[in-house]
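# An overview of the molecular structure
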Amino acid sequence: MNSKSVRGVVFAMGMASLSPGVAPSADLNWQAVVNNGVTVPGDTRKFNSYNQPSVNINGLVVFRARSTAGKSGGEPAHGIFIRDMTTMSPLTTIFDRNTYVPYPNNLSSLFTEPPAFPRIDSGSNTIASRGNHPPVWVYQLSADTETRAGTTGIYTNPFGTLITGASKLGIVPAFEFFEVPGTFEIPFDVFPGAPSVTDGATIVFKGNYTLLGVSRTGVYYRNLINAPTGGFGPVVRVVDSTMTIPGTSTMFGSTAPPSAAGRQVVFLGLDNEENPTKGGIYLAPLTQADPPLTALVKIGGPVPGEPPGTVFTKLGEGLSFDGRFVAFWGAWGTETKALNLKCVAEGNKDRRAYCEQQYPDGFATTAPLHQGIFVFDTATASTSVVAKAPGDFDDFVYWNFSGLTPGTGQSDEDGEPARWRSATFVAASGLVDGQRNDPSFHVVFKATRGQVVNGAYLNPVDGLYLRKGPGTSPPVTVVETGMDGTLIDPGAVDPLTMDHLPVTAMGIERDGFRGNLLAINVSMANAAAGWAGIYLTTVPNDIGSNCATDVTTQFNIVRGGYRYNPATQRFLQTVTITRTASGSLAGPFAFALESLSSNVTLYGASGATTCIAPGSPYVVVEPGPAWSTGQSITLTLQFINPTRIGITYTPAVLAGATR
């Protein structure tokens, strides 16, 4: 899911001279893989919408993206694209709406859309993606009857050219190798989620099918060779819902799209997706059919760092696996918080209209109060805490309304009816330091800070955060809503006013952090202009290990009164900072607002502190390479304060690369 809700929008007056080289968190310098200034290959239109990217350890980035619609209101350009960021090569199209579906295809059918984000093998350039299209194969049922089949599949390029790795053609004579294993001419109905790929030429995926009128689901893989359709090797079963959960007599009721690395796969398997009582996260080798399953984390298993008897009651589907470390979301306890989800005013118009029709007053649901991000180390069989809510953050769960819109045939998910879905986002890498044989790892995750009022977060801040483990090093802000967008992309500027656009949304997926390379998608916007793109950075091993120094006592800080601007509906305050201590002080510098009123959001924050008063918003201050005695800088701060209650905070001047 790509969360598109606009959180606290920010811009700091007096900060227009911020250098694009300054990263939102220290030591992160971003490269644009693609942005709204780039023309879609083979088209005249520019990109304007992106899903979460995947990246391999060699810097090859793969992503799904769209352009604007045509002048006559036609379909936008829509496809899967790659770019090699090591050589900075131009974008290359894997497939789009002008691409013929590879063999089997005797109807010359073209792709219509990729319905899920693509993924890439960690150590090779092989990608895997779902693709939707009209039927691709016509064949005779009898002397006077023909039929057509094959409207979706998994497509991959282990040998350079795009081939069909899995398909709904298992019912067609001569293509029995596509059928559901253990059945006779039973085709898959759909391949939900995003397929994974490992070992250069092995695809791993979730598949749904129908047997004797009963819906079934499972996790499967297929080894491919350099031939059309990847050869005649069959689909191989890892697990499905005809099998029992290890150690129980209960059948698997649901499985989730898997993650694979090093010829191993991890997946979530449960007895009941909505209210699980059995199951968990399992590891299996991709060496045989029905391989042994090793339980890594179980429903009912202990939650690290919590009192004895505290157990996991929910586990997230989006597992990130690098061959040793498995990052996951989990929840515990029975306490929940009530939410009322509103249909968004953007995206597919038919789906928006259907959402409004079904939920005119919003969709009432709940989210676990106690939840967290964790990492399981398969080498030591230990689980480490990355972050928890409440505490470090307030929520890790995100919601969107997606799926098949009745009567339109339009779906951006797995072909299931449109509904509200929740997801969590995390990516892990044990190779930031160049080796996986030690227990150190880095994790990037998406989280929210904010207070729920009447079923909705009041002025929340969404962000991507990075933490090094194991241990208790503080989280580092990668990017947050409200942050100055030019810190990610210098092009994030309103062309009419030249104002810097604030970050409004961001995304990370399970394969977005490989080696020391991190790939994300970010959107920036104000009321009049927007900008977005996919960005790549190199994560240093010691990020977050050096904290800034509080040097407030070396300065005189004069704060003016608050004044209200009815045009922007924000409160403004002028702050003058003068260095009073003798001698010059080396930077970089930031002005932090510690203990800021909970009802207030700083509009224009460069980020949030991670060491000193963690979570305090700050703005970057640039007096030059050093701050001299007597030198002053004046800032104009802006605050969002919908409650109109008094604004209070403790000012602090920080010196050092990491806040």
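You'll find the structure just up there.
Residues numbered from 1 in each chain as written. Predicted model: local features only at pLDDT ≥ 70, side-chain atom pairs only at ≥ 80, totals over all residues. Heavy atoms only, no water.

Before going further, it helps to examine the overall build of the chain. Each helix and strand counted, the chain has one helix and 48 strands in total. Against the compact-globule benchmark of 26 Å for 659 residues, the chain has a radius of gyration of 26 Å, which places it among compact chains. In terms of principal-axis extent, the alpha carbons of the chain reach across some 95 × 60 × 50 Å. Out of the 659 residues belonging to the chain, those deemed buried represent 57%. Within the chain, contacts between residues at least 6 apart in sequence are counted, and of these 58% link residues at least 24 apart. Accessible area for the chain stands at about 25,200 Å²; split by element, carbon and sulfur atoms hold 53% of it. (Helix = DSSP H or I, 4+ residues; strand = E, 2+ residues; numbered from the N terminus. Rg over C-alpha atoms; globule rule 2.2 N^0.38 Å. Buried < 20%, exposed > 50% of the residue type's maximum accessible area, 1.4 Å probe, protein only. Contact = heavy atoms within 4.5 Å. Areas by Shrake-Rupley, 256 points an atom, 1.4 Å probe, with all protein chains shown as cover.)

Residues Val 478, Val 479, Leu 518, Ile 520 and Met 524 are the most contacted members of the largest nonpolar core, which totals 31 residues. Mapped by element, the contributors of at least two residues to this core are strand S31 (456–469), strand S32 (476–480), strand S33 (503–507), strand S35 (517–525) and strand S36 (530–538). The element contributing the most residues to this core is S35, with four residues. If you look at the next biggest cluster of nonpolar residues, it comprises 24 residues, including Phe 571, Phe 589, Phe 591 and Ala 605. (Core = buried A, V, L, I, M, F, W, Y, C linked by side-chain atoms within 4.5 Å.)

Below, the discussion takes up the layout of surface pockets. Taken as a whole, the second largest pocket spans an internal volume of roughly 650 Å³. Lining the second largest pocket we find 33 residues, and of these Arg 449, Val 461, Val 600, Gly 615 and Pro 617 sit closest to its centre. Sort the elements by how many residues they give to the lining of the second largest pocket and S31 lands first, with four residues. Across the lining of the second largest pocket, the residue classes break down as 15 nonpolar, 14 polar and four charged. (1 Å grid on protein atoms, 1.4 Å probe; cavity = no way out; pocket = protein on both sides within 12 Å on 5 of 7 lines; lining within 4 Å. Points joined across faces, edges and corners; volume = space filled by probe spheres on them. Nonpolar A, V, L, I, M, F, W, Y, C, P; charged D, E, K, R; others polar.)

Further remarks concern unusual backbone geometry. In this structure, Pro 104 follows Tyr 103 across a cis peptide bond, with omega equal to 5°. Looking along the chain, the bond that leaves Gly 469 and enters Pro 470 is cis, with omega of -5°. Counting through the fold element by element, Pro 470 comes out in the loop between S31 and S32. With phi around 85°, Ala 174 is a residue other than glycine that occupies positive phi space. Along the polypeptide, Ala 174 turns up in the loop between strand S12 (163–167) and strand S13 (196–198). In the Ramachandran plot, Arg 644 falls in the positive-phi region, its phi being about 60° despite a non-glycine side chain. By the element assignment, Arg 644 lies in the loop between strand S47 (632–640) and strand S48 (650–655).

Our next topic: the pattern of salt bridges. Counting across every chain of the model gives 13 salt bridges. The shortest N-O distance in the salt bridge between Asp 240 and Arg 237 comes to 3.1 Å. Summarising the burial analysis for this pair, Asp 240 and Arg 237 share the class buried. (Salt bridge = Lys/Arg side-chain N within 4 Å of Asp/Glu carboxyl O.)

A separate point is the packing of aromatic side chains. The full count for this structure, using the stated rule, is 43 aromatic pairs. Taking the centre distance of 5.1 Å and the plane angle of 70° together, the rings of Tyr 359 and Phe 363 count as edge-to-face. Residue Phe 363 is classed as partly exposed on the basis of its relative accessible area of 22%. With 6.2 Å between their ring centres and 75° between their planes, Tyr 359 and Phe 401 make a pair best called edge-to-face. Here Phe 401 lies in strand S27 (residues 398–402) and Tyr 359 lies in the loop between helix H1 (349–358) and strand S25 (363–377), a separation of 42 residues in the sequence. We classify Tyr 359 as partly exposed; its relative accessible area is 23%. Judged by its relative accessible area of 13%, Phe 401 falls in the buried class. Ring pairing ties together the aromatic residues Tyr 103, Trp 137, Phe 175, Phe 177, Phe 178 and Phe 232, which thus form one cluster. (Phe/Tyr/Trp six-rings, centres within 6.5 Å; stacked < 30°, edge-to-face > 60°.)

Taken together, five strands build an open sheet; the order of strands is S37-S48-S42-S45-S44 and the sheet is antiparallel. The open sheet has two edge strands with one neighbour each: strand S37 (549–550) and strand S44 (607–608). (Pairing = 2+ DSSP bridges.)

Moving on, we get to the sheet that holds strand S30 (residues 441–453). With respect to topology, four strands assemble into an open sheet ordered S29-S30-S31-S32, the strand pairing being antiparallel. At either end of the open sheet lies a strand with only one pairing partner, and these are strand S29 (426–429) and S32. Each strand of the sheet is rotated relative to its neighbour by a mean of 30°, with strand direction disregarded. Strand direction decides the pairing type here: S31 and S32, joined by four bridges, are antiparallel. From the neighbouring strand, Leu 464 faces S32, where its bridge partner is Val 479. (Axes fitted to C-alpha atoms, helices over the stretch in contact; angles between N-to-C directions.)

This paragraph deals with the pairing of strand S40 (residues 570–579). The element S40 is largely enclosed, with a buried count of eight among its 10 residues. As paired elements, strand S38 (residues 555–559) and S40 share five bridges and run antiparallel to each other. The residue bridging Arg 559 from the neighbouring strand is Val 575, located in S40. Sheet analysis places strand S39 (residues 563–565) next to S40, joined by three bridges and oriented antiparallel. Bridging across to S40, Tyr 564 finds its partner in Phe 571. Judged from the eight bridges that link them, S40 and S47 form a sheet pairing that is antiparallel.

Before going further, it helps to examine the side chain of Ser 129. Its location among the elements puts Ser 129 in strand S8 (residues 127–132). Note on Ser 129: relative accessible area 0%, which makes it buried. Beyond its immediate sequence surroundings of up to four residues, Ser 129 is in contact with Ile 80, Phe 95, Pro 114, Ala 116, Pro 118, Gly 153, Ile 154, Tyr 155 and Pro 195.

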